Amino acid sequence: MVDSWATPRDEPGQRTGGPGRRADGSGHRTGSGQRAGGSAGPGADLHLDLPRGGGTGVRGALVHALRDAVRGGRLAPGTRLPSSRSLAADLGIARNTVADAYGELVAEGWLTARQGSGTRVARRVVPPEPAPPRTPSPAAVAATRPTYDLRAGQPDVSAFPRSAWLSAARRALTAAPNDAFGYGDPAGRPELRRVLADYLARARGVRAAPERIVVCAGFVQGLALLSRVRAKAGHREVGVESYGLDVHWNVMRGAGLRTVPLPVDRQGARTAELDRSAGLRTVLLTPAHQFLTGVSLHPDRRAAAVDWASRVGGLVLEDDYDGEFRYDRHPVGALQGLDPEHVVYLGTASKSLAPALRLAWMVVPDHLLDDVLAVKGTGEWQSGALDQLTLAEFIDSGAYDRHVRGMRMRYRRRRDQLVAALAERAPRVRVTGIAAGLHAVLQLPPGTERSVVQGAAWQSLALEGLSRYRYREQRRPDEPGPGPDGQPDGQPDALVFAYGAPPDHAFTGALEALCRVLP
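Here goes a summary of the coordinates provided.

Rules and cut-offs
Residues numbered from 1 in each chain as written. Predicted model: local features only at pLDDT ≥ 70, side-chain atom pairs only at ≥ 80, totals over all residues. Heavy atoms only, no water. Pairing = 2+ DSSP bridges. Helix = DSSP H or I, 4+ residues; strand = E, 2+ residues; numbered from the N terminus. Axes fitted to C-alpha atoms, helices over the stretch in contact; angles between N-to-C directions. Contact = heavy atoms within 4.5 Å. Salt bridge = Lys/Arg side-chain N within 4 Å of Asp/Glu carboxyl O. Buried < 20%, exposed > 50% of the residue type's maximum accessible area, 1.4 Å probe, protein only. Polar contact = N/O pair within 3.5 Å; in protein donor to acceptor, adjacent residues only side chain to side chain. Arc of directions from axis to C-beta.

## Quick look at the pairing of strand β2 (residues 118-121)
So, point 1. Pairing geometry for strand β1 (residues 111-114) and β2, over 4 bridges, is antiparallel. Bridge pairing in β2 places threonine 112 opposite arginine 120.
So, point 2. Adjacent in sequence and paired antiparallel, β1 and β2 are bridged by 3 residues, among which glycine 116 carries a positive phi angle near 85°.

As structure tokens, this is what we get:
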């Protein structure tokens, strides 16, 4: 690398006679004007490092060096630069190279060029150089990441059927019609809606025509769409179970709906209490497997929810997040089958396949369909058409049924391991909610939940207590919340253990670590 006052042939102490050099070879600039910051004379003295020799990289290097000099403050606003002829001679490069570099920086706004004034540094506010990105060391990342992540709502993503999915994707792409590569229908690809209608009727007892199915980019998007539709229709409240995910409650609140909690006990949500709120016309339920307590909604309460919706002109939003995974008996059929005009069925591939697919679906009553599509068609994020076609092929070929059967057996084995280990090593802990789903609730002795969660963190276990999922909005600090056992204090101590999340090779270690922290 050489400075701008040296030619490629310069050597220290050698006389060159070139412009900008003293005849004595001292290396001090004399012929090209003032140093950076000056405004008189033919131009500023520049100290730039460029590659030796010519080549196509010289122009880019000159642009980069000048831009850095301006950004770093070495060339102050208003500083006049040497003429292209003078700088080219100093650097031993072609004049056109310098002229092109000046022109690019003028176009970018770093320099200005006016007739009779020469080329100067633009008078502009130059932002400071951004700080280098903070990249934590691998050791720091490993120290903050738990060894076992046992938080609820996660499937075993290591079991994703990659080969079968890839085969389905190839077949789907080969057979895809040309219109699949366009912007698409807000309702989703017709191939997927047709296949879903058949599958949901067979596996979940859902009554749906393909035209009433709307494909969404995840359950939360479907919930947000329905919340906006209800708010637009003038509704202001939505009932929610007293145990659930705050992200769902916040989505509905964000649409302008006030959430009203329904107590949960051993028979599920107390749907008879829907009539207690005069303005309530919408309720979100998890009938097949209550999230988080794990109970199924009692048949009488299922009937009460549907009767309420029919009587008041209301709407039940049925979250069937893990309906395929039931172990001790046949899956409980969808609530939607009892009254398709007052129940919206919501399903997802996030638990049965993987959350990364961002594929979910709603079966919408006919009277709401146009409103839902109108909202979804106003710029809402849509799932990719090729992923939809792949899922359609995956279901139609029977691969989806085979995968679900295999995962059901895998999760059941883990559940049985959990129950056996607790019976042997933590007999004071009672396990509930294990008839279905991907998690279990471990009932703890009173007053121990917080200490067990803290102890789990020391064992590098990511675990959450049941209180994390308890509804809290609009409750007085001294007011007890409803509990899954319906006790007056309503505050049972419990852990939520997601046995579905760890891969097979890690489950034994996770179970050992869990047993070490239980009372």
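Next, the rest of the story.
## Observations concerning the sheet that holds strand β10 (residues 315-319)
So, point 1. Read across the sheet, 7 strands follow the order β4-β12-β11-β10-β9-β5-β6 without closing on themselves; strand pairing throughout is mixed. Looking at which strands have only one partner, the edges of the open sheet turn out to be β4 (213-216) and β6 (258-262). Strand-to-strand twist across the sheet, computed as the mean angle between neighbouring axes with direction ignored, equals 20°.
So, point 2. Relative to strand β9 (residues 282-285), strand β5 (residues 237-241) is paired through 2 bridges, and the arrangement is parallel. Looking at β9, one finds that glycine 239 is bridged to valine 283.
So, point 3. Across the sheet, helix α6 (residues 190-204) is in contact with β4, β11 (343-348) and β12 (360-363); its angle to β4 comes to roughly 105°.
So, point 4. Against the sheet, helix α8 (residues 246-254) touches β5, β6, β9 and β10, its axis set at about 175° to β5.

## What to know about the pattern of salt bridges
So, point 1. For the structure shown, the criterion picks out 25 salt bridges.
So, point 2. For the salt bridge of arginine 276 with glutamate 273, the shortest nitrogen-to-oxygen distance reads 3.2 Å.
So, point 3. On the accessibility criterion, glutamate 273 (21% relative accessible area) is partly exposed.
So, point 4. Through salt bridges with shared partners, a single ionic network connects Asp265, Arg270, Glu273, Arg276 and Arg301.

## A look at unusual backbone geometry
So, point 1. The phi dihedral of arginine 358 falls on the positive side, at around 50°, and the residue is not glycine.
So, point 2. Within the secondary structure layout, arginine 358 lies in the loop between β11 and β12.
So, point 3. The partly exposed category is assigned to arginine 358, whose relative accessible area is 30%.

## Points about the side chain of arginine 301
So, point 1. As for its position among the elements, arginine 301 is in helix α9 (residues 299-312).
So, point 2. Within polar-contact distance, the side chain of arginine 301 engages the backbone oxygen of alanine 269 at 3.5 Å.
So, point 3. The contact partners of arginine 301, leaving out residues within four places of it in the chain, are Asp265, Gln267, Gly268, Ala269, Arg270 and Thr271.

## Some thoughts on helix α2 (residues 84-91)
So, point 1. Every buried residue of α2 is listed here: Ser84, Leu87, Ala88, Asp90 and Leu91. In an axial view of α2, the angular spread of the buried residues amounts to 160°, which keeps them on one side of the axis.
So, point 2. For α2, the elements touching its buried residues are α1 (57-71) and α3 (95-108).
So, point 3. Glycine 92 occupies a position one or two residues after α2 and carries a positive phi of about 70°.

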